[in-house]
Structure formats: structure tokens, C-alpha cells
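Here is what each chain is made of, one letter per residue.
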Amino acid sequence: MVSTFINPAIGRASKLGVGFFEDSEPLEYRTGYSETEFETLIRAVYKQVLGNAHIMESERLKVPESQLKNGEITVREFVRQIAKSELYSSRFFDNYPRYRFIELNCKHLLGRAPNDHAEMQYHIKLLQESGVEAEIDSYLDSEEYSNFFGENTVPYYRGYKTQSGRNILGFTHLFQLLKGNASSDKSSVLATYSGLNKSLMTNTPLAVIPLTGPSTSPQFTDINKLVADVLKLNQQKTLLPATSKKQSSTFLVEDEVRQQQYQAFQRTEPIEFISGDSPDDIEIAIRAVYRQVLGNAYVMESERLVVPESQLRNGFSSVREFVRQVAKSELYRSRFFNNCYRYRAIELNFKHLLGRAPGSYDEMKFHSAILDSEGFEADIDSYIDSDEYINAFGENIVPFCRGYNSEPGKTMIGFTNMFQLLRSNSSSDKELTSPNKPRLMRSLIRNTPFGKQKVSDVDAILAKVFKPKADSAAKINLYEAQRLQQERELQQKIEEQEKQISALKAQLSELSPFANIGAAQLNSSWQSAAIGDNNKDNLSLQQQLEIQKTEINSLEAQIADARRFATIGEARLNKWRSRVFSS
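Bear in mind the structure is a predicted one, so any value in this text is a computation, not a measurement.

Parameters and conventions
- Residues numbered from 1 in each chain as written.
- Predicted model: local features only at pLDDT ≥ 70, side-chain atom pairs only at ≥ 80, totals over all residues.
- Heavy atoms only, no water.
- Helix = DSSP H or I, 4+ residues; strand = E, 2+ residues; numbered from the N terminus.
- Buried < 20%, exposed > 50% of the residue type's maximum accessible area, 1.4 Å probe, protein only.
- Areas by Shrake-Rupley, 256 points an atom, 1.4 Å probe, with all protein chains shown as cover.
- Polar contact = N/O pair within 3.5 Å; in protein donor to acceptor, adjacent residues only side chain to side chain.
- Contact = heavy atoms within 4.5 Å.
- Axes fitted to C-alpha atoms, helices over the stretch in contact; angles between N-to-C directions.
- Parallel < 35°, antiparallel > 145°, perpendicular 65-115°, else oblique.
- Nonpolar A, V, L, I, M, F, W, Y, C, P; charged D, E, K, R; others polar.
- Phe/Tyr/Trp six-rings, centres within 6.5 Å; stacked < 30°, edge-to-face > 60°.
- Salt bridge = Lys/Arg side-chain N within 4 Å of Asp/Glu carboxyl O.
- pLDDT = per-residue confidence, 0-100.
- Expected span 1.5 Å × (residues − 1).
- Left-handed = near helix turned anticlockwise from the far one by under 90°.

*Asks:* Help me understand the overall build of the protein chain in this model?
*Replies:* Scanning the protein chain from N- to C-terminus turns up 27 helices and zero strands. Within the protein chain, buried positions represent 41% of all 583 residues. Working note: accessible area of the protein chain is about 32500 Å², and carbon and sulfur atoms make up 53% of it.

Have a look at this one:
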């Protein structure tokens, strides 16, 4: 039974060789550390910042170590002093190319590979203008460092884990920088060149080769198979060693079928409308627009938009404007808006007009707000006039499905969501086999991959399964304690308001004689009204509280009227007194 709780993430980590890092808990400094614990922490900092290179006792930074032990500096400041030391510069700056130095800075100080070439260029410029120390500070003072490590956690390798908003190319790049838990960055083999510069400049992934080390499996690992395992799909034929060719022919046939479903999009070049195209080429572009915008649904000749087609053929409009007119047409509206739930309509708009699935729940709410405030046509314009559409398709490229490709700055959740919207190249969004309900809302709201629960460690799963159930009596006692606490708070408020009511009644009683005189002077009627008790014993505490609030409001209104009449009455009385006593 225990075997059913095997964590697939740990299994994949073992095959890639990152199991050692996956199983290691981050080290965090805590007050009251023993001498042995301090030594473990300090060696962990040296190991991470110096790239697992051996350090002799004579090279250790005694003064910063002493300051850390005495609580004068934090772990982050200790990391800073090591990274700014002559020891670090001599190993990773003096004899290394600049790009290699920046790669290692990202690895040592942020625990990941560089995201893209723009990040490398930023640090190159900073290094040229402000020097090595400013370059080191840019990592340690960054928001990223604070969010992941804070002041007292030793930096650790985290680039092998997917993170929201991070380019997944960094996943493949880390394997170029991290050769295994026993490797050292002070290797003379890698010191003469940058391992990532070409990949970063071309924005292409590197081959994922299993790391060396005790947790590494000797079998071949392919990135396509890794993705297929994660998504439970075999959409691409995996390159296997010769020993794996003993699989049955049935499996190979099924794998080929799945492969063809998704690679049809990958192998198809985008269609671009070019001025001077032949009538046949223009017809291909028009049909491609219908197919994409109408979700591969069949279009009869009588349903085609003759006038917009003619404008495109004659060069009076671009492909983008033709897409806009198809998306705003009654044909599109009747198929994907009038009979669809709102969020399903928005999902399909993303697929048809931007070629991808929604990336987050915020995107869904944004377009829902446009529908509420400006209407259907404004929502269509928000996709077609967006920077994303312009950058991806421009004026004359027919939109195409692109959500299965990784893109800088896009979350991987959109990658998994795309497979829920795009079943195969022969599927149609106008299918009647399933209701037009949204398919991604739960995934987007939870910010988790579609159909997958968050990965948990096998020990955590077993602990949860075998955790003793809480006593029901304890739950009842907890509920009773909360109820009694609420009653005490209500009773305290009632007592406070009772005192306030007594004070207001006394104030009204003092004003009443003068108020009666003033009212008589103005030939107006005034009298204080009494609030009934309403048999409070039969009312709940909350109802008593509300009655008291009503009584307080009434008394305050009466006091305001009484003050007005009392001012007139007191003036009248003083005038009478002056006449009597003066005579």
C-alpha cells in the first residue's frame, strides 16, 4: 500500500540527478545555535557561494565568521562579504570571461541560471559602469533574493523547480551550470568560456543531460519525455536508447498517433498575406483565418463574409482587420458568445485571437470587466489591438496556435491549460458533445496546472494519511469556546451602551425644563419620547444590541432638539429675571 504514495516529482528528480538538492532542507540561522550548528551553517555558505570548491582553513574569513556567530551580521551580509572577498574574485572574476562570471553569480547568489540575454546585458553594463562590488550588491539587494532567502537563509539551488513568471529555458540552463552535487565551479575545463551565452542570445533551450552524482540514474533522459511524464501525454516520440526498442509495436503506433495530433501545429509554417499573392494564396489565407478564428468549425459558403473578403483581396484591409471583422461578426457571436458561458467565451477568445490559453485569473477578470463596461466589440478589440497580438502576428500574419511553445515571461500554467482547450488538429470548438462551460476556471483561480494537485513530498502524504483523527469532542469544545467568547464580547458591548444610554437620559432630563419654556415661547410642541423595553429578556444579545443602538440614536436626536429649545427658553428666563430683580 505504501508504494501507491510514491512522489513522481522525486522520481524524476532522481533521474535528472537533482534528488540530492530536492531532498536537502534549506539551512536557516536561528538564535541559540550551538557551535556545531554554526559550523554547519558557515560551511554551507562557503559551499554555495564558492561553487562547492574546496576551501582551506587559511582561506576562511575569520572576522566575518566571528561577526555572524556574535549576531553582529546576518547570513545575507556574510554571503555579501564572501562574494566581495579576494577569495571569490580570484576564483571567479580575475581569470574568467565576464559572461561566465555573471552566470556563476546567478548560480551562487540566486540559486538559478540567468533567465535571458537581457538579464546578462543588464549585469554586463552594471559591471562596466559601477564595478564588481556593485554587481554583487545587485543580486543580494534584489527583491528576488529577499523573497526566497531573506536575511538568515543560506542560498540554495532552486532553478530546477518551475516558478510562476519565470522562463522555463532557465530549467535547461541550470543543468549546464550544475554538473552534479560533487562538481566544483573552480574547474579549469569550464573557466575559459560561457556555457549559456549562445543559448541566451538565440533564446533556445539546451539539451538536458542527467547530472552526475549518487542520485543519478544512468539511463538517457530527454526533455520531451520529461514534459510528457508531467502532462501524462506522449505527444512527442521520445528518443530512447537501443535497449528500449524492445517495446511492443502497439505502443509505437499509439505514440505516433498522439505525436501527429500536436506536431501538426508545430510543423505548419505561419501563413502570411503578402501583397501580390496569387488568388489561390489569398484563398488559403482567408480559409486559414476562418479556421483559426472560428475554432476549426465548418463554414458554409453562404456564411462567409463576402465584403470583408473582397476588401482583403483588393488590399483595402489587412489580415488583422479581417480577423477583427470575423470575430465581431454575427457568425462568431452566435457560435461563441450568445450560447456560451462568459468565461468559456473569454477562454475561446484567447485561443482564437491570441493562439494561447489564459495565463491567469487576472486576465479573465480583466476581459470580464471590459464586457461589463464596454461590451462585446470592445472586448474583441482589446485582444486584436494588444501589444501581444502585434508582436506575435503583426498586420498580415494569420493567428496560429502558439500556447504549446514556451515564451519568456509567460507562466507554464498556460502551457498545460492549452492542452485542455486544444484537443487535436481535427477538433472543433463548435462541438455539441460537451456543454459550453469554462474548462480552466478552477486551474486559473488556484494558479495550479490543469488537472494536477500540487506536488507533495511522499513523507508529507504518508504523515497526512496516518495522522490520528482529532477527537470530535475537542472540536465541539473549541466551537463552544468560540461561542462563549462571542457572547462575552456582545455582553460587554451591551453594558457599555447601557452606560451611554443612562448618560444621555440624564443629559436630556437636565435640558427638558428650559426646552419646555423655549417650546412654549415659540408656540411649538416638544417632549421627549420614551423608548420601550420590548421585553429584552426574550431577545438575543445581538437583537438587544441593535435596540440599544436605535435608542441611542433617538436620544441623541432628542438632545439636539432640546438644546435648540433650551437656548431660547434660557434666554427668555434670564430676560424675565432681569426685569423682576431690576425693579
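*Asks:* How should I be thinking about the side chain of R324 in this particular structure?
*Replies:* Mapped onto the elements, R324 comes out in helix 17 (residues 319-327). Within the local environment of R324, its side chain forms a polar contact with the side chain of E321, the two groups lying 3.0 Å apart. Setting aside chain neighbours within four positions, we find R324 in contact with I380, D381, I384 and D385.

*Asks:* Would you mind going over the packing of helix 7 (residues 98-110) against helix 8 (residues 117-130) with me for this structure?
*Replies:* Any two packed helices are characterised by how steeply their axes cross, that is the angle between the axes, and by the distance between the axes. At a minimum axis separation of 10 Å, helix 7 and helix 8 run at an interaxial angle of 110°. Taken together, helix 7 and helix 8 sit at an angle that is classed as roughly perpendicular. Listed contacts from helix 8 to R98, Y99, F101, I102 and E103 of helix 7 are H117, M120, Q121, H123, I124, L127 and Q128. Of the residues that constitute the contact of helix 7 with helix 8, the class distribution is six nonpolar, four polar and two charged.

*Asks:* How should I be thinking about the environment of R313 in this particular structure?
*Replies:* Assignment of secondary structure puts R313 in helix 16 (residues 306-313). Between the C-alpha atoms of R313 and I286, which are 27 residues apart in sequence, the distance is 9.2 Å. With residues near it in sequence (within four places) discarded, R313 still touches P279, I282, E283, I286 and R304. Within polar-contact distance, the side chain of R313 engages the side chain of E283 at 2.8 Å.

*Asks:* Whenever I open this one, the packing of aromatic side chains confuses me. Can you help?
*Replies:* Any pair of aromatic rings gets described here by the distance separating the centres and the angle formed by the planes. In this structure the tally under the stated criterion is 17 aromatic pairs. A centroid spacing of 6.5 Å and a plane angle of 50° characterise the contact between F148 and F149, whose relative ring orientation is tilted. Taking the centre distance of 5.2 Å and the plane angle of 80° together, the rings of F393 and F400 count as edge-to-face. Clustering of aromatic rings is evident, with ring pairs tying together Y88, F92, F93 and F101.

*Asks:* What exactly am I supposed to notice about the pattern of salt bridges here?
*Replies:* Oppositely charged side chains can pair when the atoms bearing their charge come close. By the definition in use, this model includes 38 salt bridges. Notably, a salt bridge pairs R304 with E283, separated by 3.1 Å at the nearest N-O pair. A residue pair is termed long-range when its members are at least 10 positions apart, and R304 in the loop between helix 15 (279-293) and helix 16 and E283 in helix 15 qualify at 21 residues. On the basis of relative accessible area, R304 is assigned to the buried category, the value being 12%. Between D372 and R342 there is a salt bridge, with the nearest N and O atoms lying 2.7 Å from each other. On the criterion of sequence distance, the pair formed by D372 in helix 20 (residues 361-373) and R342 in helix 19 (residues 342-354) is long-range, its members being 30 residues apart. For D372, a relative accessible area of 55% gives the class exposed. In this structure, a network of salt bridges that share partners links the residues R320, E321, R324, K328, D381, D385 and E395.

*Asks:* Is there a simple way to explain the confidence of the model for the protein chain in this structure?
*Replies:* Regions with low pLDDT should not have their predicted coordinates read in detail. Looking at the protein chain as a whole, its pLDDT mean stands at 74, while 60% of the residues score no less than 70. Mean pLDDT across the elements of the protein chain ranges from a minimum in helix 1 (residues 8-16), with 46, to a maximum in helix 17, with 95. Residue range residues 188-192 is modelled with pLDDT below 50. Its contacts to residues more than four positions away, or to other chains, number five contacts.

*Asks:* Looking at this structure, how should I read the environment of N296?
*Replies:* With respect to the helices and strands, the residue N296 is situated in the loop between helix 15 and helix 16. Owing to a relative accessible area of 26%, N296 belongs among the partly exposed residues under this scheme. With 56 residues separating them in the primary sequence, N296 and H352 have C-alpha atoms 9.5 Å apart.

*Asks:* Would you mind going over helix 7 with me for this structure?
*Replies:* Because each turn of an α-helix spans 3.6 residues, side chains separated by three or four positions in sequence point in the same direction. Taking 1.5 Å per residue, 13 residues should reach 18 Å; helix 7 reaches 17 Å between its end C-alpha atoms and fits that length. Among the 13 residues that make up helix 7, 12 are buried, leaving the element largely enclosed by the rest of the structure. Regarding helix 7, the residues found buried are Y99, R100, F101, I102, E103, L104, N105, C106, K107, H108, L109 and L110. Phi for G111, located one or two positions after helix 7, is positive at around 75°.

*Asks:* Would you mind going over helix 3 (residues 35-49) with me for this structure?
*Replies:* If you check helix 3, its first and last C-alpha atoms are 21 Å apart, about what 15 residues at 1.5 Å a residue would give, namely 21 Å. When helix 3 is considered as a whole, its buried residues turn out to be F38, L41, I42, A44, V45, Y46, Q48 and V49. The inward-facing, buried residues of helix 3 contact helix 4 (62-69), helix 5 (75-83), helix 6 (86-92) and helix 7. In the segment just after helix 3, G51 is the residue with positive phi, at about 65°.

*Asks:* Whenever I open this one, the packing of helix 5 against helix 9 (residues 132-140) confuses me. Can you help?
*Replies:* Relative to each other, helix 5 and helix 9 sit at 150°, their axes nearing to 10 Å. Classified by the angle between their axes, helix 5 and helix 9 sit roughly antiparallel to one another. Handedness of the helix 5/helix 9 crossing: right-handed. In this structure, helix 5 uses R76, V79, R80 and A83 to contact helix 9, whose residues at the interface are I136, D137 and L140.

*Asks:* It is not clear to me how unusual backbone geometry should be interpreted in this structure. Could you clarify?
*Replies:* Negative phi values dominate among residues other than glycine, just as trans dominates among peptide bonds. Its identity is not glycine, yet N52 carries a phi of approximately 65°, on the positive side. Residue position: N52 is located in the loop between helix 3 and helix 4. Taking relative accessible area as the criterion, N52 reaches 23% and is therefore assigned partly exposed. Within the chain, N296 stands out as a residue other than glycine whose phi angle is a positive 65°.

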